[in-house]
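Topology and contacts: notes
Residues per chain are reported as follows:
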Amino acid sequence: MLVNNEGEAPLELTVEPWADAYQILPGQTCVVVTHSPAGDGSWSGTRRKNEPFEVDHRRDSVTVWANGHCFHLSDGAAHAIDAADWYCPARGADS
């Protein structure tokens with residue numbers, strides 16, 4: 001999922017369930033990818049079954065709940081953003 005900041009001020013992005021917070025500057029994009037397979041079921045933060053994300057957008061912030069807590073972040077140029085995804089098997093042995 002792409003999260004764009006088309007505003008004139010920084011936008012706070014919080015990714016749950018770990019409450020990782022990042023700042024997206026005006027004109028920047030952040031990519032949120034979840035690795036949780038549908039067989040794992042929905043994380044309790046998503047309202048619809050098998051929905052990979054739940055999003056809450058406010059004036060100065062966006063909160064994204066990633067299904068199954070297994071996710072990673074990158075910028076619009078595909079550079080990894082450090083995230084608290086230590087237990088995500090899809091991220092490899094160094095995650």
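Everything numeric here is computed off the predicted structure, so don't read it as measured data.

Thresholds applied
Residues numbered from 1 in each chain as written. Predicted model: local features only at pLDDT ≥ 70, side-chain atom pairs only at ≥ 80, totals over all residues. Heavy atoms only, no water. Salt bridge = Lys/Arg side-chain N within 4 Å of Asp/Glu carboxyl O. Buried < 20%, exposed > 50% of the residue type's maximum accessible area, 1.4 Å probe, protein only. Pairing = 2+ DSSP bridges. Helix = DSSP H or I, 4+ residues; strand = E, 2+ residues; numbered from the N terminus. Core = buried A, V, L, I, M, F, W, Y, C linked by side-chain atoms within 4.5 Å. Contact = heavy atoms within 4.5 Å. Polar contact = N/O pair within 3.5 Å; in protein donor to acceptor, adjacent residues only side chain to side chain.

With that settled, consider the pattern of salt bridges. Under the defined criterion, the tally for this structure stands at one salt bridge. The shortest N-O distance in the salt bridge between R58 and D56 comes to 2.7 Å. Its relative accessible area of 32% is what places R58 among the partly exposed residues. For D56, a relative accessible area of 32% gives the class partly exposed.

Relative to strand 6 (residues 61-66), strand 5 (residues 53-57) runs antiparallel, the two being bridged by five bridges. Residue pairing in the sheet places D56 in a bridge with T63 of strand 6.

On to the nonpolar core. Judged by nonpolar contacts, the single largest core of 14 residues is most densely connected at V3, L13, I24, V32, V62, V64 and L73. Among the secondary structure elements, those contributing two or more residues to this core are strand 2 (11-16), strand 3 (20-24), strand 4 (29-34), strand 6 and strand 7 (71-75). In contact with V32, other than residues within four places in its own chain, are M1, V3, L13, F53, V64, H72 and L73.

A word on the side chain of T63. Locating T63 in the fold gives a position in strand 6. One polar contact links T63 to R58, side chain to side chain, over a distance of 2.8 Å. If near-sequence neighbours (up to four positions away) are discounted, T63 is found in contact with T14, E16, E54, V55, D56 and R58.

Okay, the pairing of strand 2 next. Most of strand 2 is tucked away, with five of its six residues classed as buried. Pairing analysis gives five bridges linking strand 2 to strand 3, with the strands arranged antiparallel. By the bridge assignment for strand 3, T14 is matched with A21. Hairpin remark: strand 2 followed by strand 3, antiparallel, with three residues in the connecting loop; positive phi at A19, about 55 degrees. In the sheet, strand 2 pairs with strand 6 via five bridges, with the strands oriented parallel. Paired with V15 across the bridge in strand 6 is V64.

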